[in-house]
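# Fold and geometry: a report
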Amino acid sequence: LPKQLKKKALTTFPRYLEIECWKRPELRGLEPVLQAVAEACKQINRIVQRAQTDDVYGVAVDSTGKPLEENVQGEVQQKLDVLCNTIMMQAFCGSSCNIHSVASEEEDEPRCCADVMVRFSQMCNACSSWNLTCYSLHDGKNDSVFGQGEYIAVFDPIDGSKNIDASLPVGSIFGIYRTQPGKPVNAESFLQDGNSLVAAGYCLYSATTILVLTLGSGVDGFTLDPDVSRFLHTHQDIRVPSNGAIYSFNEANYNDFDEPVQKYLSALKHGSSSIKKRSTARYIGSMVADVHNVLINGGIYGYPRTLGNKEGKLRLLYESAPMAMIMEQAGGAGSTGSRRILDVKPKETHQRVPTFLGSIENVFELDQFYKYYSDEQ
Ligand code: P6P
């Protein structure tokens, strides 16, 4: 390669995990799980890159061609959602109970959705006979517990999948909890607040594909080198700037926002005695992309409550809490406007929560608006 293209000698993701788990023996059990997640993200990356040329568009159907059931939002499942959900399920199941031995008899990547449905049902059967807990919380109408295990995985395998139609960035989000020793695993096991997360991460499929991970002591980023299909440690100890210019809201909903949010956004645009004028409105409509932009450049991302979504649109368990852990671990903050996102104990697995994530000063400012205007009322 010409000198200017010479690649830096970077640590691979497996090597990073090996060292972190050697340093912190309590994480040893996580190593195979996170290795499998990284492999799943590579598979999803390939599928996302080929979504427009392969048969992964449109409505998911079973092997008889019948559309699948609607998800919890009442939306018909898209092929891409089902495909990526299956891959992530396989990663979590396989890393704790060799599920790959069941599903890997299939081709590495299913060619069409009917294959996926066959594999998915096989995997569910296999999991039920393996020692593993795995819940598919991604919009799954009938969430299924597959067994018992040390960890609990919550994930959104392809958040913002509709953006793929316009070749926009999308992402996978995951969080990992421990099961509570001595307690049977059931739906209750998932209702842990974000402070109990042992790991959280996301993979952004964009101009580059980057896996961002926290194990509870800082945040690191791993960029996929497509030439060798390896995640390389490109971002050591990511720190979100304490204050930033970006504000990332869907302002089409401005008239539905709470007054504190409206006043805060207005202050950002015009400046005020206490708020510095911000110059950079950015909104892609893909949470992982918008949050990553704020993590790297500083600022605030928000999805407040609206008339259509009384508690906001984002899911606490597998969107807001993992992202809040990452943001806090990078020196930022994650708030509902009135409390830390990580302190919110879920009452049900698909609970939504108003979500503000970003630089510590930006999120603090927003909370002060809530405090001032709520005290006024
Ligand atoms: P709106 C994608 O559907 C998603 O869940 C997040 O990725 C994204 O931030 C948000 O919804 C976008 O929602 O209402 O602005 O289109």
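In this report, the structure presented in the accompanying data block is examined. As the structure is a computational prediction, the values presented were derived from the model and not from experiment. (Residues numbered from 1 in each chain as written. Predicted model: local features only at pLDDT ≥ 70, side-chain atom pairs only at ≥ 80, totals over all residues. Heavy atoms only, no water.)

This part takes up the overall build of the protein chain. Each helix and strand counted, the protein chain has nine helices and 11 strands in total. Across the 377 residues that make up the protein chain, the buried fraction comes to 55%. The long-range fraction of contacts in the protein chain, counting pairs at least 24 apart against all pairs at least 6 apart in sequence, stands at 65%. For the protein chain, the accessible area works out to roughly 16500 Å², and carbon and sulfur atoms hold 50% of it. (Helix = DSSP H or I, 4+ residues; strand = E, 2+ residues; numbered from the N terminus. Buried < 20%, exposed > 50% of the residue type's maximum accessible area, 1.4 Å probe, protein only. Contact = heavy atoms within 4.5 Å. Areas by Shrake-Rupley, 256 points an atom, 1.4 Å probe, with all protein chains shown as cover.)

This part covers the packing of helix α1 (residues 13–23) against helix α2 (residues 30–49). Relative orientation of the contacting elements α1 and α2 amounts to 165 degrees, with a least axis distance of 10 Å. With respect to their mutual orientation, α1 and α2 come out roughly antiparallel. Helix-helix and strand crossings are classified by hand; for α1 and α2 the assignment is right-handed. For the pair α1 and α2, contact is made by Phe13, Pro14, Leu17, Glu18 and Cys21 and by Glu31, Leu34, Gln35 and Ala38, respectively. A class-by-class count of the residues in the contact of α1 with α2 yields six nonpolar, one polar and two charged. (Axes fitted to C-alpha atoms, helices over the stretch in contact; angles between N-to-C directions. Parallel < 35°, antiparallel > 145°, perpendicular 65-115°, else oblique. Left-handed = near helix turned anticlockwise from the far one by under 90°. Nonpolar A, V, L, I, M, F, W, Y, C, P; charged D, E, K, R; others polar.)

Relative orientation and spacing of two packed helices are given, respectively, by the angle between their axes and the distance between those axes. For the pair helix α7 (residues 287–297) and helix α8 (residues 316–329), interaxial distance at closest approach is 12 Å and the crossing angle is 15 degrees. Here α7 lies roughly parallel to α8, going by the angle between them. Regarding α7 and α8, the two cross each other, and that crossing is right-handed. Residue-level inspection shows Met287, Val288, Val291, Val294 and Leu295 of α7 in contact with α8, the latter providing Glu319, Ser320, Met323, Ile326 and Met327. Residue composition of the contact of α7 with α8, grouped by class: eight nonpolar, one polar and one charged.

Let's shift gears to the pattern of salt bridges. Applying the stated criterion across every chain, the model contains 10 salt bridges. The salt bridge partner of Glu20 is Lys23, with a shortest N-O separation of 2.9 Å. Here Glu20 pairs with Lys23, and both are found in helix α1, just three residues apart, close to one helical turn. For Glu20, a relative accessible area of 10% gives the class buried. Residue Asp343 is joined to Arg340 by a salt bridge in which the shortest nitrogen-to-oxygen separation is 2.7 Å. Residue class for Asp343 comes out partly exposed when judged on its relative accessible area of 31%. (Salt bridge = Lys/Arg side-chain N within 4 Å of Asp/Glu carboxyl O.)

What follows deals with the sheet that holds strand β8 (residues 280–281). Within the open sheet, the five strands sit side by side as β8-β7-β9-β11-β10. Their pairing is mixed. The open sheet has two edge strands with one neighbour each: β8 and β10 (333–335). Summarising the sheet, strand β9 (residues 299–303) and strand β11 (residues 355–358) pair through four bridges and their orientation is antiparallel. If you follow Tyr303 over to β11, its bridge partner there is Thr355. Strands β10 and β11 of the sheet are contacted by α8, whose axis makes an angle of about 25 degrees with β11. (Pairing = 2+ DSSP bridges.)

Bringing helix α6 (residues 259–270) into the picture now. Taking 1.5 Å of rise per residue, 12 residues should cover 16 Å, and α6 covers 16 Å from first to last C-alpha, within 8% of that figure. Taken together, the buried positions of α6 are Pro260, Val261, Gln262, Tyr264, Leu265, Ala267 and Leu268. Following α6 by one or two positions, Gly271 has its phi on the positive side, about 75 degrees. (Expected span 1.5 Å × (residues − 1).)

The subject of this paragraph is the site of the ligand. Lining the immediate environment of the ligand, one finds Asp159, Gly160, Asn250, Tyr283, Gly285, Ser286, Met287, Tyr301, Tyr303, Lys313 and Glu319. Taking Tyr301, its side chain carries an N or O atom lying 2.9 Å from an oxygen atom of the ligand. Relative to its unbound accessible area of 400 Å², the ligand is 77% covered by the protein chains. Looking at side-chain class alone, the shell around the ligand contains four nonpolar, four polar and three charged residues. (Near = heavy atom within 4 Å. Polar contact = N/O pair within 3.5 Å; in protein donor to acceptor, adjacent residues only side chain to side chain.)

What makes a disulfide is a covalent bond joining the sulfur atoms belonging to two cysteines. Counted according to the given criterion, the structure contains zero disulfides. You can see Cys21 has no disulfide; the closest cysteine sulfur is in Cys41, sitting 17 Å from it. A relative accessible area of 1% means that Cys21 is categorised as buried. The cysteine Cys41 is free of any disulfide, with Cys203 supplying the nearest cysteine sulfur at 4.1 Å. Cys41 sits in the buried class, given a relative accessible area of 0%. (Disulfide = S-S within 2.5 Å.)

Relative to the helices and strands, Val82 is located in helix α3 (residues 79–97). Classification of Val82 as buried rests on a relative accessible area of 9%.

As a further point, take the nonpolar core. Counting residues in hydrophobic clusters, the biggest one holds 43 residues, and the most contacted among them are Leu30 and Ile176. Every element with two or more residues in this core is listed here: α1, α2, α3, β1 (151–159), β2 (170–178), β3 (199–205), β4 (209–214) and β5 (219–225). When neighbours within four sequence positions are excluded, Ile176 is seen to be in contact with Leu30, Val33, Leu34, Phe92, Tyr151, Ile152, Leu197, Val198 and Ala199. Among the nonpolar cores identified, the runner-up in size contains 39 residues, and Val154, Val240, Tyr303 and Met327 belong to it. (Core = buried A, V, L, I, M, F, W, Y, C linked by side-chain atoms within 4.5 Å.)

Taken as a whole and judged by the stated rule, the model has nine aromatic pairs. Ring centres of Phe13 and Phe222 lie 4.9 Å apart, and the angle between their planes is 80 degrees; on these two criteria the pair is classed as edge-to-face. Highlighted residues: Phe13 in helix α1 and Phe222 in strand β5, separated in sequence by 209 residues. Side by side, Phe13 and Phe222 carry an identical accessibility label, which is buried. Among the aromatic residues, those joined into a cluster by ring pairs are Phe249, Tyr254, Phe257, Phe356 and Tyr370. (Phe/Tyr/Trp six-rings, centres within 6.5 Å; stacked < 30°, edge-to-face > 60°.)

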